[in-house]
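Each chain, written out:
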Protein chains: 2
Amino acid sequence: MYTASILKKELEASKGNRKLDIRIDNVQLVNVFTREIYPASIGIYNQKIVSVGRVAADADMLIDGGGAYAVPGLIDSHIHIETTLLTPEALGEVIIPWGTTTLCVDAMEIANVAGIEGLLAMIKDSEKLPFRLLLEIPSRVPTAPGLETTGGVLGVEEVTQLLALDEAVSLGELDPSKVLGMKEEYLEKVLASLDRRKICNGHAIGLGVDDLNIYAAGHLSDDHESVYYEELLERLRLGIVPLIREGSSERNVDTLVPGIVEHHIPTDNMMFCTDDKHVNDIYKEGHISYNVKRSIELGMDPVEAIQMATINAARHFRLEDRIGSIAPGRFADILLIDDLHTMKPKMVLKDGRIVADEKGARPVPEKEYPAALFDTVHIGADFSAEKFRLVSGGTRAKCRVIRMIKDQIINQEVLEWMNVKNGEIPADVSRDILKLAVVERYGKNGRVSTALVQGFGLKRGALAASVSHDHHNIVVVGTNDEDMAVCVEKIQELHGGFVSAVDGHVADALALPLGGLMSTLPAKTVMKRMDEMNAAVAAMGCDMKAPFMSLSFISLPTVPELGLTDFGLIDVLGHRIIDMIVETEE
Amino acid sequence: MYTASILKKELEASKGNRKLDIRIDNVQLVNVFTREIYPASIGIYNQKIVSVGRVAADADMLIDGGGAYAVPGLIDSHIHIETTLLTPEALGEVIIPWGTTTLCVDAMEIANVAGIEGLLAMIKDSEKLPFRLLLEIPSRVPTAPGLETTGGVLGVEEVTQLLALDEAVSLGELDPSKVLGMKEEYLEKVLASLDRRKICNGHAIGLGVDDLNIYAAGHLSDDHESVYYEELLERLRLGIVPLIREGSSERNVDTLVPGIVEHHIPTDNMMFCTDDKHVNDIYKEGHISYNVKRSIELGMDPVEAIQMATINAARHFRLEDRIGSIAPGRFADILLIDDLHTMKPKMVLKDGRIVADEKGARPVPEKEYPAALFDTVHIGADFSAEKFRLVSGGTRAKCRVIRMIKDQIINQEVLEWMNVKNGEIPADVSRDILKLAVVERYGKNGRVSTALVQGFGLKRGALAASVSHDHHNIVVVGTNDEDMAVCVEKIQELHGGFVSAVDGHVADALALPLGGLMSTLPAKTVMKRMDEMNAAVAAMGCDMKAPFMSLSFISLPTVPELGLTDFGLIDVLGHRIIDMIVETEE
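Residues numbered from 1 in each chain as written. Chains lettered and ligands numbered in written order. Predicted model: local features only at pLDDT ≥ 70, side-chain atom pairs only at ≥ 80, totals over all residues. Heavy atoms only, no water.

Novice: It is not clear to me how the sheet that holds strand S27 (residues 568-571) of chain A should be interpreted in this structure. Could you clarify?
Specialist: What links the strands of a sheet is backbone hydrogen bonding, and the strands pair in either a parallel or an antiparallel sense. Residue and element names in this part refer to chain A. What the 3 strands build is an open sheet, ordered S26-S27-S28; its pairing is antiparallel. The open sheet has two edge strands, strand S26 (562-565) and strand S28 (576-578), and neither has a second partner. Pairs of neighbouring strands in the sheet enclose a mean axial angle of 45°, with direction left out of account. Relative to S28, S27 runs antiparallel, the two being bridged by 3 bridges. (Pairing = 2+ DSSP bridges. Helix = DSSP H or I, 4+ residues; strand = E, 2+ residues; numbered from the N terminus. Axes fitted to C-alpha atoms, helices over the stretch in contact; angles between N-to-C directions.)

As structure tokens, this is what we get:
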């Protein structure tokens, strides 16, 4: 706890009457308030920056900056941490060498699996992490109430309780249906956040200006779904702060920054995020550092780009007294960078501790998670291939099929005639119409729904995942029911994971035992294993770059046109369950 | 209380499914996010802006903007409201025609007089005011503990309680001695504000860069005491937000803005305040509108100057979701202005109500204050001129004299030989060395201290005030003890006020019965009466422009070099009581 006596010691250190923990000399300070760059020293005591400028006080550790730029630690304004498949500890080792010292985390995945207890277990002891873990409190757990089974539920009461946490900076992203639909539960969650003087993250995908007006009137503070400059400008005009996203699939810096540069619009209300970025992409090209670097390449002033990654985000979340700048009173989250055009730090400090240097990230302490988080997959012992039968009368059936669109998470509803054999509809590999099933995995009702999907390209076998947005039941796609059942049974055995199977045997499997979402292995191992997993699926005929990722998004009941949950096939825009079979022919 | 069902109605109005209260058409919207100006309509429902752009929905009232600029209501980031001598109701009628719709009020004067109850009484029913009254919770009541008697005391407990108010936006200004002196009580108040996610106002008068480092390390968020551009730059660099002040005496826009314009430094971390501005100055030249107008004259881009008066301040106080812009979800505080170079609104809306138009302010509802606030002057019945005797031995005494400096609140300590007659030291009108006394007025101990002052220029008579910063005991200056006593007795009779007396009779008097600080008369009457009061003092030989204002600041125990409280003569920098008589001659 921060007390007056600790503050007093910090002031004494600031005054030079108490030995500093660290003094960093010989740096070019990147000042995010004045946009100046000038020589300075930095005094650090008890996690804090206590003096900046000419600092002469003695210190336990002296760091010679060697003339490097001193840049505030970078902030990711919106990230779903579970998408990386890593624990926060393992993720830390990947992002920290790239200078991200703060993540604003919407941990809605673990909350859907394990509710408030799961969420609290995830963030417990987060002060030991090499980055600052701030929370965007998940606003929609479940995402599609009444249309899916989830492990956890966060109602108004739970959300209000979580918003009181010191780490909580906002209500997590609300999709348009919740606000434009004016549903009381979500409006109450919005008011609970305002009441705590915290903001509300948005997700205004594809909204036009009329809907954006309602969105802003509903106190949604920001949006990370602008793809075109015109969209960004419309949001900015209405006081909706744009978060410029550069994830693995959604790469918006290149489409947004040139417009910002060309039109000279003020950037003080803009910031950066990744939303969903794969760990191997982070490893190779960088994290928020990449948003900055690429913006500079696209013509933005380097300090302006750094402001977007630091003080702007800090101010948006009302934490500019704690992070986002190198100024007295702020936590000592500091990067030493030789070249702003690469944005590759040679040293990273978080809370006044060196967490990475030229040799990479310092080891991150391991953490114990509660046993319950490793035991979230419960489908029962009596599972069999029978569950995937698609019963139909007649000889042919006209069916709704989920047609995937390459590299996008939206899909199309198409109608296809399927042959009926022995009273059931099998997959039709020749037309790439495969079976897709969702298996309830929380031991609540044992539901299994099966539908048809086009686009995976599998010639044989099946693959399955216990990561399945946002409900995270088991999703499985396959050319035959037996391999699908093998996958599901293996996932149960592993307590969650990614699995592929061919000819009645497991082809490859990666355990994701933490909530059925995350591995407990180090980042490099997970990256290597994912490459191998993908290779196994490619050998089954699938040409997707990230087949397990695509699988984990295809069942989403909130992304048009069709979704699939354990309740059945979902007409997304109609918010209802619909029949897969439209008509049959005798 | 703001509930989900009210929010739902606002969203329905935004969508066009519910009749608007007001629609304003045909305006040029000044967009403080993008710095653009473009044609728009504005829809208002239930105090809020619910739609901006092409608004077609029907409304109870249609306002034709006639092509005027639509500007967000202006924000004064720091004002001591009592200095105007007006009640908030009366002040509203003066500031509202100039477009100030939000005041961030440090009501430390009433708190010094009447404590937490007085403060709460002042802000009660403030939603009926034509401006938004936000509170900077007074951090130093009393200002000089142990050196003065005050009516009220706000300790850590009271401050913490007040910070919980929704209207509370910050801890009010802390002077350097409290922070640099690292006094636990004030550090605890700082932490109490941070704990509520609120900021801490500063007052970094004259500090150099080393002290500013400590100041920032102590979490002081801002400062309104920059006089030179270099001072402003030093503060900005250290993350201390500069408030650019334009009061009646302290006029900083002309010394600061040219540097800002010349050096092109970012202004998103700067804003405007008045601190202390007399009502007749506001009436004649404007309020925050004057800061904006003068900045434009000095070369600042008009929209940038408006940003400083609106969104920048809103963001600083973490209220950008409520005020500071014309965007959906914000309170409808809107000015219609034909010419940005005059900044004189032709219409002012606050919370979606028209509060001023071309005919001036709409009448403000009267308010009843508790009887106790009209009964704060208690000096007892036995008061007499005897109290002002300066007893001395010898024939001459070498005395410390408070020498005033023209147009400044600081003073000098000078040593002067005074004649002793009949065992006491009388005033020496020939050298303009007059008696200055402070009379404890809270009925707590009846203390009276008397000293000597040079600079008032009175040839005869005396003047007195129950406004006496920051303790607000009675301060009186005079050429003779009898007229001084007449003044003090009259102030008691009026329950507070300004009084002048000559030849044993009251010359003129203005009652300030509300806390002994404020009049209950309308603004225009108070202005007229103050002119008359000043004329009476001028007739007594004083050539000061604002003699009562000078009198009310001369006793301050926190402004160097000397102060005077009911405890005695104060050595300000030494924080101690000192003897007035240094030596005597037989």
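Novice: Just checking my understanding: could you explain the relation of the copies chain B and chain A for this structure?
Specialist: Relating the two copies of this chain is a rotation about some axis coupled with a shift parallel to it. Turning chain B through 180° and shifting it by 0.0 Å along the axis lays it on chain A, with an RMSD of 0.1 Å. On this basis, the relationship between the two copies can be described by a two-fold rotation axis. Considering only C-alpha atoms, the part of chain B nearest the rotation axis is B:Arg318, at 3.3 Å. Comparing interface residues between copies, 100% of those in chain B also lie at the interface in chain A; the contact surface is shared. (Least-squares fit on C-alpha atoms with pLDDT ≥ 70 in both. Contact = heavy atoms within 4.5 Å.)

Novice: Explain the packing of helix H4 (residues 156-163) of chain A against helix H6 (residues 184-195) of chain A to me, please; I cannot follow it from the model alone.
Specialist: Helix-helix packing is described using two parameters, namely the angle between the two axes and the distance between the axes. Residue and element names in this part refer to chain A. Contact geometry for H4 and H6: axes closest at 10 Å, N-to-C directions at 15°. Considered as vectors, H4 and H6 are oriented roughly parallel to each other. Pair H4 / H6 crosses with right-handed handedness. Here H4 contributes Val156, Val159, Thr160 and Leu163 to the contact with H6, which in turn contributes Glu185, Glu188, Lys189, Ala192 and Ser193. Residues that form the contact of H4 with H6 fall into these classes: 4 nonpolar, 2 polar and 3 charged. (Parallel < 35°, antiparallel > 145°, perpendicular 65-115°, else oblique. Left-handed = near helix turned anticlockwise from the far one by under 90°. Nonpolar A, V, L, I, M, F, W, Y, C, P; charged D, E, K, R; others polar.)

Novice: I would appreciate a short explanation of the interface of chain B and chain A in the present structure.
Specialist: It is common to give the size of an interface as the accessible area lost on bringing the parts into contact. Each side of the interface is counted separately: chain B has 57 residues, and chain A has 57 residues. For the chain B and chain A pair, buried surface summed over both sides reaches about 5,300 Å², with 57% attributable to carbon and sulfur atoms. Of all residues in chain B, the largest losses of buried area upon contact with chain A belong to B:Arg197, B:Arg237 and B:Arg318, amounting jointly to 15% of the total for that side. Linking chain B with chain A are 8 salt bridges. (Buried area = accessible area lost by both parts, 1.4 Å probe. Salt bridge = Lys/Arg side-chain N within 4 Å of Asp/Glu carboxyl O.)

Novice: Help me understand the pattern of salt bridges in this model?
Specialist: Here the idea is simple: oppositely charged side chains can pair when their charged atoms come close. All names here are of chain A. The full count for this structure, using the stated rule, is 91 salt bridges over all chains. Lys277 is paired through a salt bridge with Glu285; the nearest N and O atoms lie 2.7 Å apart. On the basis of relative accessibility, which here comes to 2%, the residue Lys277 falls in the buried class. Residues participating in the shared-partner salt-bridge network are Arg140, Glu173, Asp175, Lys178 and Asp470. (Buried < 20%, exposed > 50% of the residue type's maximum accessible area, 1.4 Å probe, protein only.)

Novice: Before we go on, may I ask you to explain the sheet that holds strand S27 (residues 568-571) of chain B in this structure?
Specialist: Residue and element names in this part refer to chain B. Taken together, 3 strands build an open sheet; the order of strands is S26-S27-S28 and the sheet is antiparallel. Edge positions in the sheet fall to strand S26 (562-565) and strand S28 (576-577), since each has one partner strand and no second. As paired strands, S27 and S28 are joined by 2 bridges and run antiparallel to one another. When the sheet's bridge partners are listed, Asp571 is paired in S28 with Arg576.

Novice: Can you help me understand the side chain of B:Ser193 in this one?
Specialist: Residue and element names in this part refer to chain B. When you line up the elements, Ser193 lands in helix H6 (residues 184-195). Since its relative accessible area comes to 0%, Ser193 is described here as buried. A polar contact of 2.9 Å, which involves the side chain of Ser193, links it to the backbone oxygen of Ile199. (Polar contact = N/O pair within 3.5 Å; in protein donor to acceptor, adjacent residues only side chain to side chain.)

Novice: Any chance you could explain the environment of A:Asp64 here in plain terms?
Specialist: Residues and elements named next belong to chain A. Tracing the backbone shows Asp64 in strand S4 (residues 59-64). Asp64 gets classed as exposed once you look at its relative accessible area, which sits at 58%. Along the backbone, Asp64 and Gln28 are 36 residues apart, and their C-alpha atoms lie at a distance of 12 Å. Excluding residues that lie within four positions of it along the chain, Asp64 makes contacts with Asp25 and Asn26. Here Asn26 takes part through its side chain, which lies 3.0 Å from a polar atom of the side chain of Asp64. Here Gly66 takes part through its backbone nitrogen, which lies 2.8 Å from a polar atom of the side chain of Asp64.

Novice: Would you explain the packing of aromatic side chains in this entry?
Specialist: Any pair of aromatic rings gets described here by the distance separating the centres and the angle formed by the planes. Taken as a whole and assessed by the stated rule, the structure comprises 4 aromatic pairs over all chains. An angle of 65° between the planes, with centres 5.5 Å apart, marks the rings of A:Phe383 and A:Phe388 as edge-to-face. A relative accessible area of 8% means that A:Phe383 is categorised as buried. Of the residues examined, A:Phe388 reaches a relative accessible area of 0% and is grouped as buried. We note A:Arg237 situated over the ring of B:Tyr38; from NZ or CZ to the ring centre the distance is 4.5 Å. (Phe/Tyr/Trp six-rings, centres within 6.5 Å; stacked < 30°, edge-to-face > 60°. Lys NZ or Arg CZ within 6 Å of the ring centre and 35° of its normal.)

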